[in-house]
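Descriptive analysis of the structure
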Protein chains: 2
Amino acid sequence: MEIIPIHIEKEIEPSDDLSELIISSNQIQDGDVIVIAQKIISKQERRLVELSTVKPSLLSEGISSQYQKDPRITELILSESKRIIRMKNGILIVETNDGTICANAGIDESNVKDGFATLLPLDSDKSAKNIREKIFKHTNKDVAVIISDTFGRPFRLGQTNCAIGISGLSPIIDYEGTQDTFGKTLRVTAIAIADELSAASELVMGKTLKTPVAIIRDCSFPKGEQGISELIRAEDEDLFR
Amino acid sequence: MEIIPIHIEKEIEPSDDLSELIISSNQIQDGDVIVIAQKIISKQERRLVELSTVKPSLLSEGISSQYQKDPRITELILSESKRIIRMKNGILIVETNDGTICANAGIDESNVKDGFATLLPLDSDKSAKNIREKIFKHTNKDVAVIISDTFGRPFRLGQTNCAIGISGLSPIIDYEGTQDTFGKTLRVTAIAIADELSAASELVMGKTLKTPVAIIRDCSFPKGEQGISELIRAEDEDLFR
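Residues numbered from 1 in each chain as written. Chains lettered and ligands numbered in written order. Predicted model: local features only at pLDDT ≥ 70, side-chain atom pairs only at ≥ 80, totals over all residues. Heavy atoms only, no water.

Okay, the nonpolar core next. With 50 residues, the main nonpolar core has Ile3(A), Leu197(A), Ile216(A), Ile3(B), Leu197(B) and Ile216(B) as its most contacted residues. Residues in contact with Ile216(B), not counting those within four places in the same chain, are Met1(B), Glu2(B), Ile3(B), Asp32(B), Val33(B), Val35(B), Leu197(B), Ala200(B) and Ser201(B). By size, the runner-up hydrophobic cluster in this structure holds 25 residues, among which are Ile22(A), Ile23(A), Ile41(A) and Ile147(A). (Core = buried A, V, L, I, M, F, W, Y, C linked by side-chain atoms within 4.5 Å. Buried < 20%, exposed > 50% of the residue type's maximum accessible area, 1.4 Å probe, protein only. Contact = heavy atoms within 4.5 Å.)

To continue, consider the packing of aromatic side chains. All names here are of chain A. One pass over the structure, following the stated rule, counts two aromatic pairs over all chains. Between phenylalanine 155 and phenylalanine 240 the ring centres are 5.1 Å apart and the planes differ by 70°, which places this aromatic pair in the edge-to-face class. One end of the pair, phenylalanine 155, is in the loop between β8 (144-151) and β9 (160-167); the other, phenylalanine 240, is in the segment after β12 (213-217), with 85 residues separating them in the sequence. Exposure class is identical for phenylalanine 155 and phenylalanine 240. Each is buried. For lysine 113, the ring lying beneath its charged end belongs to phenylalanine 116, and the centroid distance is 4.9 Å. (Phe/Tyr/Trp six-rings, centres within 6.5 Å; stacked < 30°, edge-to-face > 60°. Helix = DSSP H or I, 4+ residues; strand = E, 2+ residues; numbered from the N terminus. Lys NZ or Arg CZ within 6 Å of the ring centre and 35° of its normal.)

Charged atoms that come close allow side chains of opposite charge to pair. All names here are of chain A. If you walk through the whole model with that rule in mind, you get 38 salt bridges over all chains. A salt bridge links arginine 83 to glutamate 235; its shortest N-O distance comes to 3.0 Å. Of this pair, arginine 83 sits in strand β4 (residues 81-88) while glutamate 235 is found in the segment after β12, placing the two residues 152 residues apart along the sequence. Classification of arginine 83 as partly exposed rests on a relative accessible area of 33%. Since its relative accessible area comes to 43%, glutamate 235 is described here as partly exposed. Residues participating in the shared-partner salt-bridge network are Lys82, Arg83, Glu95, Glu235, Asp238 and Arg241. (Salt bridge = Lys/Arg side-chain N within 4 Å of Asp/Glu carboxyl O.)

Below, the discussion takes up the relation of the copies chain A and chain B. For the match of chain A to chain B, the screw axis carries a shift of 0.0 Å, the RMSD comes to 0.0 Å, and the turn is 180°. Expressed as a symmetry operation, the mapping of one chain copy onto the other fits a two-fold axis. Looking at chain A, 100% of its interface residues are interface residues in chain B too, so the copies touch through the same face. (Least-squares fit on C-alpha atoms with pLDDT ≥ 70 in both.)

Moving on: the domain arrangement of chain A. All names here are of chain A. By the assigned domains, chain A splits into domain 1 (1-47 + 121-241) and domain 2 (48-120). Put simply, the middle of domain 1 and the middle of domain 2, counted by C-alpha atoms, are 24 Å apart. In this assembly, 16 residues from domain 1 lie in contact with 20 residues from domain 2. Together, the buried faces of domain 1 and domain 2 total about 1500 Å²; carbon and sulfur atoms form 47% of this surface. Counting every contact that joins domain 1 to domain 2 gives four salt bridges. Where domain 1 touches domain 2, the interface holds nine residue pairs in polar contact (both at pLDDT 80 or more). Every element with two or more residues in the side of domain 1 that touches domain 2 is listed here: α2 (38-44) and β8. (Domains from an automatic or database assignment. Buried area = accessible area lost by both parts, 1.4 Å probe. Polar contact = N/O pair within 3.5 Å; in protein donor to acceptor, adjacent residues only side chain to side chain.)

Structure below.
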């Protein structure tokens, strides 16, 4: 298996065509998985907010005063969220409008112009699908596309890349019913391959390297048309909500 | 970056030398990261328990009766744990004796003989260090070694591989104080590279393929002598304990 970093020097603007930029690397082959950092999707899709235009609510002002947070950022977090799951030490763990649970609704001021913040794409599955279809149209290569973002985790320090949008791959490999090397039937093993591919891609992306795309080659994955909701645990089966 | 699966056909016994088996693949180069599945470490280190020898306590019988669990497995889970963090739907999320938080204390009946279960290694950092030192002694190649296991996660469905033991690499890359592509100083980005390497290795290991080792090549990682405790979030900074 091989992971190929794709360097994109250009600062992404809404007028850019991301699929063209990826195709122009001349690296794509049939069966590749292409992992794209959320940030360039957000920039291309105008999910960039100038903080001076944000008017914080009294709730945002109140929460922010507890944690010395920028109330405009808190306002953005709340507007991108269905509800707050935890709030402590200045971190808001929220359920975003599309059901993902993450810190600060994925809103981020790094790698953007001063005074701006990026929001998560409105529909990352759709973003992935659009890029996948354009790549097929222009190159005739059938690939899978993952949009990924960097999330923290309960219990463990440090962040890892996770999938937030998927097209062309089934995000979970369910081994239930298959046999282990002793011929016993496996019962509860289901691997979140979309998250493992995202984590793997981060190893070549870095945070300061202008490498927002990685191609993963010679990795066997199940094809499928499901989206990111397949990776979200239902609330009544979640021991930590 | 490249990920090379190492096939080991042999069923691992305590008399085996894992470093020899890995060396005999003739694949190792200086600077490689070698990720090893917990299960072969446990088998080599006699962390295999015959269930018929386990006498469940009344507590284990009681818990098991609630969930139709095997009380001998519950007994093993409790004996490997400091405390129970959550208990629901037959899953015990525990803090293991070495501080890791995971389901069922990592105890597992897959890929072992019928009537047996594997426990996690007693000290996976030490297991990693031993193998790393033997590889260096016999090949003069300086590698990093990770022992990994498959864990579930809150909020998200499916499991991913995580590090449980480390030698020769610093498990977290802290970007705090470095500059992003706009020259702004990054504040809170710290990447759990040991977990991302573990997740990446799983993509070539599978669960039924007799591929318990993967070599990751051309991945830049920070060298270090820290162990797995660097990856465990302190309880008072954990929003989900």
